[in-house]
Amino acid sequence: MNSLDQLNKFDAENFENWLRVQLIALYGNEVRARYAAFDFRDLGVPRGDSHIDALHRLFRRLSDQGKAQFQAGLERLLRNACYDELSRDAMADVIQLIGLTKYLHAFNAFVSILGYGAWGENHPELIYDALSVLMMFEGSDEAYETTKALATSRNFPDNMVFDAYLILARSRPEKARENFTLLGYRFDSVCKNIEDSGDIEQKKQLDARWDSLVRVVTSLPLSQMVSDIATIEDCSTIFSSRSIGRLYRNLLIKENAPLMFQWSRDLDEGVLVDRAQPKRMESIKNNHFLPVYYMTIGQFGMLEDRYESYCRVNADSIGPKACARLENICSPLRLPTFGAMRTAA
Amino acid sequence: MAINMLASVEQGLVASDRLKEFLSFCAKRLDQEPGKNPIIIIEDVSCGENDANRRFLRQCRSRPFADDETKKLSNTMNSVSFHRFVLNSSYKSGKNVLPVVLPPIPVDSESGIAEYRERLSLITKESDWKALGAMIGRPLPEPANCWITSDHFGIDKSSPLYQSDPGTQARDELGLIDNVEGDFLLRLNFLAKDIASICEHEMARPVFSDLGNRRFRVYQSSSRAIAYARDGWGATMHLGKFRNTASHNEYTGACERVSSALPLESLSSLTVELIGKVKRGAGEEAHDNDDGYAEELLGGRDKQSIKAELLKKIGG
């Protein structure tokens with residue numbers, strides 16, 4: 001076994017080869033070789049729960065230079081590992097060690113090796129492992145960019161899209177809508193497959209994942225949500241059968257949805273409110289307030305009726321601004337939009 | 001180690017001729033590798049790395065549990081080990097339709113830890129989350145021993161207070177000296193009757209050859225430790241009590257036994273909980289580091305007299 005001094009003098013290639021040899025021994029058929037692999041007790045490093053523990057403890061004892069070379073060696077091993085040389089377990093170890101040693105620089109290797117390579121194609125569980133490491137570093141540029149690239153790669157399993165999206169949304173809330181659109185096809189695919197299967201347990205799982213995703217999106221800055229809603233041209237998006245429609249319905253429309261629209265008499269403005277924390281609100285300053293307002297009170301039938309009489313009767317409760325917007329929006333040019341909305345509802 | 005060997009024989013846990021046999025294997029190994037650390041040789045010989053391939057684990061066998069025994073047992077591991085070795089790769093690959101991603105280490109914030117608990121709960125509700133063919137114990141993936149504890153002796157009123165630091169509390173109570181600040185610990189809970197059904201299962205009160213860590217102690221004289229011993233359990237060294245110089249020489253922690261590696265598929269009552277983050281180091285101060293512990297273990301005796309007593313026991 002190499003001494004600590006010797007290990008501190010290793011370069012990245014030395015570490016790559018050293019790790020490779022021991023991983024092959026650890027997962028090989030020879031009992032004694034398995035026992036001897038990653039045995040650092042001579043260096044005062046106990047075995048711990050597993051060889052992963054032992055390696056992580058050894059890493060902590062290396063010099064700064066040794067640590068840097070160890071990390072680089074891990075990345076080299078990840079990039080160079082031949083599919084028929086290392087086992088799936090060995091690759092899982094490498095992925096986890098990249099996370100434990102906080103080597104964010106190696107994250108983009110996940111995309112080529114797992115997202116497009118044989119490793120990810122044949123072992124989707126390694127993509128789960130990579131996502132789980134990325135989840136540890138949510139918010140970092142590296143985790144964001146890698147998750148985005150991995151989630152749009154060829155081998156990425158559709159059914160991991162929920163957690164991939166959560167990482168993206170929490171890392172870059174300002175891009176939450178854009179990233180949802182980017183991954184929409186995966187959400188659509190998962191939803192369709194489960195709905196087509198008719199399996200009740202799977203549908204329950206799907207509903208639970210939507211609830212969980214909605215909770216996270218609800219916690220993102222409301223200003224971002226308001227900006228996103230402002231881009232909705234008409235309500236066909238909301239009532240679409242596609243995932244974006246489901247997201248908005250879960251967020252805004254369904255019973256006890258976490259977000260709701262209200263008219264703030266104090267502000268004389270429409271506001272988007274967090275139902276669980278009513279003081280958390282954001283003003284809505286756009287001409288599409290009215291359709292949204294009507295969604296919340298369910299009065300779709302009013303839209304094509306005589307809005308003038310509605311304004312006269314309800315002016316006190318909805319305020320002068322809403323009346324002005326009502327007049328603006330309910331012009332003959334916009335009526336087909338409201339008709340489509342009522343039909344969809 | 002010598003003190004633990006002596007205690008194992010003095011307490012009637014290991015027969016002196018077994019100790020003699022063990023030491024003769026160790027002597028042969030030392031002849032073959034003169035510079036080798038003796039502790040490593042002892043561990044290797046215990047695991048069967050000797051001429052006869054004989055293992056010396058779990059020598060002091062406990063009465064097996066009855067198949068209706070409802071004592072609650074547990075094993076503690078860190079979150080990284082759970083993620084890597086206990087979670088089923090089939091679950092991860094998405095055969096479960098919508099796998100819930102669990103980070104190897106929780107994000108260290110209140111919301112991160114709450115989310116980890118939620119995710120762990122969702123995962124362990126599924127029927128196929130346990131890795132096929134996996135065992136729990138140390139070292140993974142091929143455990144030699146599985147250390148278990150139980151809560152049936154009740155709360156230890158002499159234990160220090162930990163405010164809201166359950167991770168450090170668990171680490172200290174269990175004497176897990178190798179778990180450092182920053183580790184997140186999980187507790188795997190199961191009922192004793194699950195073990196009763198495992199074929200060729202072995203369970204024992206731990207002795208010197210059971211690969212205990214640097215704070216392992218075969219014998220403690222506190223009333224709590226004696227109560228454990230009456231029931232066939234050893235006692236951990238409570239690191240918090242040892243760190244606290246006002247503990248008046250009473251360092252008993254939790255009860256402990258060693259078991260052969262436990263197959264996950266046999267633990268039908270298994271539940272998993274996140275205990276928490278270890279927030280404090282251990283064994284770092286002068287009075288509770290390895291030297292301090294060795295001094296405490298010697299208890300005023302000198303090493304030569306310990307050696308002489310040991311030789312006398314084995315007829316040397």
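Remember, it's a predicted structure, so these values are computed and weren't measured experimentally.

### Looking at the overall build of chain A
Reasoning step 1: Looking only at helices and strands, chain A features 18 helices and 3 strands.
Reasoning step 2: Counting only residues that meet the buried cut, chain A has 56% of its 345 residues in that class.
Reasoning step 3: For chain A, contacts bridging at least 24 residues in sequence account for 62% of all contacts bridging at least 6.
Reasoning step 4: Counting every atom, chain A has about 15100 Å² of accessible surface; 50% of that belongs to carbon and sulfur.

### So, the overall build of chain B
Reasoning step 1: The helix and strand inventory of chain B stands at 12 helices and 10 strands.
Reasoning step 2: At 20 Å, chain B has a C-alpha radius of gyration in line with the 20 Å of a compact globule built from 316 residues.
Reasoning step 3: By principal-axis analysis of the C-alpha atoms, chain B measures approximately 65 × 45 × 40 Å.
Reasoning step 4: Classification of the 316 residues of chain B by burial places 54% in the buried group.
Reasoning step 5: Considering only contacts in chain B between residues 6 or more positions apart, those separated by 24 or more positions represent 78%.

### Notes on empty space enclosed by the protein
Residues and elements named next belong to chain A.
Reasoning step 1: According to the stated counting rule, one finds 5 cavities of 30 Å³ or more in the structure shown.
Reasoning step 2: Taken as a whole, the largest cavity encloses approximately 100 Å³ of empty space.
Reasoning step 3: Together, 15 residues line the largest cavity, and A176, R177, V217, M225 and D228 are the ones closest to its centre.
Reasoning step 4: Looking at the lining of the largest cavity, the elements with two or more residues in it are α12 (176-197), α14 (222-230) and α15 (243-253).

### Considerations on the interface of chain B and chain A
Reasoning step 1: Taken together, the contacts link 49 residues of chain B with 44 residues of chain A.
Reasoning step 2: Summed over both sides, the interface between chain B and chain A buries roughly 3900 Å², with carbon and sulfur atoms accounting for 50% of that surface.
Reasoning step 3: Contact with chain A buries surface across chain B, with R84, L98 and V101 of chain B losing the most and accounting together for 18% of the total.
Reasoning step 4: For the pair chain B and chain A, the number of links is 13 salt bridges.
Reasoning step 5: The partner of R32 of chain A in a salt bridge is E49 of chain B, with the nearest N and O atoms 2.9 Å apart.
Reasoning step 6: Joining chain B to chain A, the criterion identifies 29 residue pairs in polar contact (both at pLDDT 80 or more).
Reasoning step 7: Put simply, the parts of the chain that give the side of chain B that touches chain A at least two residues each are α3 (38-46), β2 (72-78), α4 (79-86), α5 (89-93) and α6 (110-125) of chain B.
Reasoning step 8: Tallying contributions element by element places α4 of chain B first for the side of chain B that touches chain A, with 5 residues.
Reasoning step 9: Of the residues in the side of chain B that touches chain A, the class split is 22 nonpolar, 13 polar and 14 charged.

### Quick look at helix α11 (residues 290-298) of chain B
All names here are of chain B.
Reasoning step 1: All of the buried residues in α11 are G292, Y293, E296, L297 and L298.
Reasoning step 2: Capping the start of α11, N289 holds a side-chain oxygen 3.2 Å from the backbone nitrogen of D291, two or three residues further along.
Reasoning step 3: Phi turns positive one or two residues past the end of α11, at G299, with a value near 60°.

### Digging into the packing of aromatic side chains
Reasoning step 1: As enumerated under the stated definition, the model contains 25 aromatic pairs over all chains in all.
Reasoning step 2: With a centroid separation of 5.1 Å and an interplanar angle of 75°, the aromatic rings of F22 of chain B and F208 of chain B are classed as edge-to-face. Here F22 of chain B is found in helix α2 (residues 16-32), whereas its partner F208 of chain B is found in the loop between β6 (203-205) and α9 (223-230), with 186 residues between them in sequence.
Reasoning step 3: Connected via pairs of aromatic rings, a cluster forms that spans F10, F15, W18, F38, F40, F59 and F70 of chain A.
Reasoning step 4: Its end group placed over the ring of Y35 of chain A, R47 of chain A keeps NZ or CZ at 4.5 Å from the ring centre.
Reasoning step 5: Sitting over the ring of F59 of chain A, K67 of chain A keeps its end group 6.0 Å from the ring centre.

### Digging into the side chain of R29 of chain B
All names here are of chain B.
Reasoning step 1: With respect to the element layout, R29 can be found in helix α2.
Reasoning step 2: Here R29 falls in the buried class, since its relative accessible area comes to 12%.
Reasoning step 3: Here the side chain of R29 touches D44 through a polar contact of 3.4 Å, side chain to side chain.
Reasoning step 4: Setting aside chain neighbours within four positions, we find R29 in contact with I41, D44, V45 and E49.

### Observations regarding the environment of F153 of chain B
Residues and elements named next belong to chain B.
Reasoning step 1: Within the secondary structure layout, F153 lies in the loop between β4 (146-150) and α7 (166-173).
Reasoning step 2: Considering only alpha carbons, one finds F153 and Y228, 75 residues apart in sequence, at a separation of 7.7 Å.
Reasoning step 3: Sequence-distant contacts of F153, that is, excluding residues within four places in its chain, are made with R224, A227, Y228, D231, W233 and C255.

### Section: the pattern of salt bridges
Reasoning step 1: All told, the structure shown has 52 salt bridges over all chains when counted by the stated rule.
Reasoning step 2: The shortest N-O distance in the salt bridge between R246 of chain A and D207 of chain A comes to 2.7 Å. A residue pair is termed long-range when its members are at least 10 positions apart, and R246 of chain A in helix α15 and D207 of chain A in helix α13 (residues 200-219) qualify at 39 residues.
Reasoning step 3: You can call R246 of chain A buried: its relative accessible area is 17%.
Reasoning step 4: For D44 of chain B, the salt bridge goes to R29 of chain B, with nearest N and O atoms at 3.4 Å. With D44 of chain B in helix α3 and R29 of chain B in helix α2, the pair connects residues that are 15 residues apart, well separated along the chain.
Reasoning step 5: D44 of chain B sits in the buried class, given a relative accessible area of 4%.
Reasoning step 6: One network of salt bridges, in which partners are shared, links D39, R41, D42 and R47 of chain A together with R29, E33, K36, E43 and D44 of chain B.

### Description of the packing of α12 of chain A against α13 of chain A
All names here are of chain A.
Reasoning step 1: Between α12 and α13, the shortest axis-to-axis distance is 9 Å and the interhelical angle comes to 155°. Judged on the interaxial angle alone, α13 and α12 are roughly antiparallel. Between α12 and α13 lies a crossing of left-handed hand. Across the interface between the two elements, F180, F187, V190, C191, I194, E195 and S197 from α12 touch Q202, K203, L206, W210 and L213 from α13.

### Quick notes on the confidence of the model for chain B
Interpretation of the predicted coordinates at a detailed level should be avoided for regions scoring low in pLDDT.
Reasoning step 1: Confidence in the prediction of chain B, expressed as mean pLDDT, is 92, and 98% of residues score 70 or more.
Reasoning step 2: Predicted complex metrics record ipTM = 0.93 and pTM = 0.90.

### Concerning α2 of chain B
Reasoning step 1: When the terminal C-alpha atoms of α2 of chain B are compared, their 25 Å separation across 17 residues agrees well with the 24 Å that a helix rising 1.5 Å per residue should span.
Reasoning step 2: Check the buried side of α2 of chain B and you find it contacts α1 (2-10), α3 and α12 (303-313) of chain B.

### Looking at the nonpolar core
The nonpolar side chains of a soluble globular protein tend to be buried, and buried together.
Reasoning step 1: In this structure, W18, F110 and L272 of chain A together with F82 and I136 of chain B are the most contacted members of the largest nonpolar core, which totals 140 residues.
Reasoning step 2: The leading source of residues in this core is helix α9 (residues 124-136) of chain A, at 9 residues.
Reasoning step 3: Counting residues in hydrophobic clusters, the runner-up holds 32 residues, among them A7, F22, Y293 and L310 of chain B.

### Brief notes about the pairing of strand β5 (residues 184-191) of chain B
Residues and elements named next belong to chain B.
Reasoning step 1: Counting buried residues along β5, 6 of its 8 residues qualify, which places the element largely inside the surrounding structure.
Reasoning step 2: Of the strand pairs in this sheet, β5 and strand β10 (residues 271-277) are connected by 6 bridges, and their pairing is antiparallel. Across the sheet, residue L186 finds its bridge partner in β10, namely L274.

The rules behind the values
Residues numbered from 1 in each chain as written. Chains lettered and ligands numbered in written order. Predicted model: local features only at pLDDT ≥ 70, side-chain atom pairs only at ≥ 80, totals over all residues. Heavy atoms only, no water. Helix = DSSP H or I, 4+ residues; strand = E, 2+ residues; numbered from the N terminus. Buried < 20%, exposed > 50% of the residue type's maximum accessible area, 1.4 Å probe, protein only. Contact = heavy atoms within 4.5 Å. Areas by Shrake-Rupley, 256 points an atom, 1.4 Å probe, with all protein chains shown as cover. Rg over C-alpha atoms; globule rule 2.2 N^0.38 Å. 1 Å grid on protein atoms, 1.4 Å probe; cavity = no way out; pocket = protein on both sides within 12 Å on 5 of 7 lines; lining within 4 Å. Points joined across faces, edges and corners; volume = space filled by probe spheres on them. Buried area = accessible area lost by both parts, 1.4 Å probe. Salt bridge = Lys/Arg side-chain N within 4 Å of Asp/Glu carboxyl O. Polar contact = N/O pair within 3.5 Å; in protein donor to acceptor, adjacent residues only side chain to side chain. Nonpolar A, V, L, I, M, F, W, Y, C, P; charged D, E, K, R; others polar. Phe/Tyr/Trp six-rings, centres within 6.5 Å; stacked < 30°, edge-to-face > 60°. Lys NZ or Arg CZ within 6 Å of the ring centre and 35° of its normal. Axes fitted to C-alpha atoms, helices over the stretch in contact; angles between N-to-C directions. Parallel < 35°, antiparallel > 145°, perpendicular 65-115°, else oblique. Left-handed = near helix turned anticlockwise from the far one by under 90°. pLDDT = per-residue confidence, 0-100. Expected span 1.5 Å × (residues − 1). Core = buried A, V, L, I, M, F, W, Y, C linked by side-chain atoms within 4.5 Å. Pairing = 2+ DSSP bridges.

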